[in-house]
Amino acid sequence: MCKPRLAVFKFASCDGCQLSLLDAEDHLLAVADAVEIVYFPEATSRMEEGPYDIALVEGSVTTPHDAERIQQIRKDARYLMTIGACATAGGIQALRNWADEEEFMRYVYATPEYIQVLETSTPISEHVHVDFELRGCPINQYQLIEVIRSLLAGQTPRTPRHSVCLDCKRRGTVCVTVAQGTACLGPVTQSGCHALCPSYNRGCYGCFGPALQANLVSLSEQMEREGASKAEIAHKLKNFNAYSPAFRNESTRLVQLEGDQRG
Ligand code: SF4
Ligand code: SF4
Ligand code: SF4
């Protein structure tokens, strides 16, 4: 029997999510035995054309060429999964969506006239239908392996959608906000890291994106009561998942309110 054909594609990204997959080592080998990896430039020179049974896509759409390429990948893929904050929310590079990208290019490139970019960095789901989104910056490699295993077993993949706070409670981590007054996005951030940052006495900065039914307004109000300004809270939200709708809406609301107050 033919093994399912798996392909891994890169768009605008740092490659960190693909490296997470490679770092999974033994677990990856178990999966590699069950699939045929036919396109994965980060790991192998084998680069076969579609069709593919599973396509993993890292990175955001930032150029006209990206926007064309993802259409072809979608046509070639039976199941398309985006991996990481770049692919699921536009990534840190989506900060340019609030800025003048031509000005950015003038600062970065000696000859910007040769660069062709879109005005925005957008998640893959704004361009094609995505079957599953795996969050994180980077992704949790074990979640990825588990999702691939589910697909191979014919099951619908699932990842937890609760907030980081619940993981703090489960592992017995003392809340850094309550104990130290440290600002933390954990109440509105999706689980996936086993509450890593709070376990090192740091606040969460939201790298797994918004949790299901996250109450952003309530968290902002709480942070303001603790002394943070609207601009500071908006700045915290403008991170790896800045362009995810929930974080984007709240940072926009806060910036508008700040502007209104200043008159
Ligand atoms: S989500 Fe983070 S780790 Fe993954 S490719 Fe983007 S920047 Fe790199
Ligand atoms: S440290 Fe952050 S994530 Fe953990 S319980 Fe407190 S607010 Fe929630
Ligand atoms: S605690 Fe927050 S910022 Fe830290 S790894 Fe987890 S989701 Fe990312």
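Scroll up to find the structure.
Residues numbered from 1 in each chain as written. Chains lettered and ligands numbered in written order. Predicted model: local features only at pLDDT ≥ 70, side-chain atom pairs only at ≥ 80, totals over all residues. Heavy atoms only, no water.

## Side note on the pattern of salt bridges
Applicable threshold: Put simply, a salt bridge is a Lys or Arg side-chain nitrogen that is within 4 Å of an Asp or Glu carboxyl oxygen. A simple rule labels every residue: compare its accessible area, found with a 1.4 Å probe on the protein chains alone, to the largest value its type can have, and call it buried under 20%, exposed over 50%, or partly exposed in between.
All told, the structure shown has 10 salt bridges when counted by the stated rule. The salt bridge involving Glu48 is made with Arg46; its shortest N-O contact spans 2.9 Å. Of the residues examined, Glu48 reaches a relative accessible area of 28% and is grouped as partly exposed. Residue classification places Arg46 among the partly exposed positions, given a relative accessible area of 30%. Through salt bridges with shared partners, a single ionic network connects Arg5, Glu36, Arg46 and Glu48.

## Remarks on the environment of Asp66
Put simply, the rule is: Helix and strand labels come from DSSP, where a helix needs a run of H or I of at least four residues and a strand needs a run of E of at least two; each type is numbered from the N terminus. The contact criterion used throughout is that any non-hydrogen atoms of two residues lie within 4.5 Å.
With respect to the helices and strands, Asp66 occurs in helix H3 (residues 64-76). Residue classification places Asp66 among the buried positions, given a relative accessible area of 8%. Taking the C-alpha atoms as reference points, Asp66 and Pro245, 179 residues apart in sequence, are found 22 Å from one another. Here Asp66 is in contact with Phe11, Ser60 and Val61, once residues within four sequence places are set aside.

## Notes on empty space enclosed by the protein
Rules: Only protein atoms enter the 1 Å grid used here, on which a cavity is any set of points holding a 1.4 Å probe that cannot leave and a pocket is any open set flanked by protein within 12 Å on both sides along at least five of seven lines; residues with an atom within 4 Å of a point are listed as lining. Grid points are joined across faces, edges and corners, and a volume is the space filled by probe spheres set on the points. By the convention adopted, Pro, Cys, Tyr, Trp, Phe, Met, Ile, Leu, Val and Ala count as nonpolar, Lys, Arg, Asp and Glu as charged, and the other residues, Gly among them, as polar.
Evaluation of the coordinates by the stated rule reveals 1 cavity of 30 Å³ or more. A volume near 40 Å³ is recorded for the largest cavity. For the largest cavity, the full set of lining residues is Leu6, Leu21, Leu28, Val31, Ile37, Phe40, Leu56 and Ile148. When the residues that make up the lining of the largest cavity are grouped by side-chain class, the tally is 8 nonpolar, no polar and no charged.

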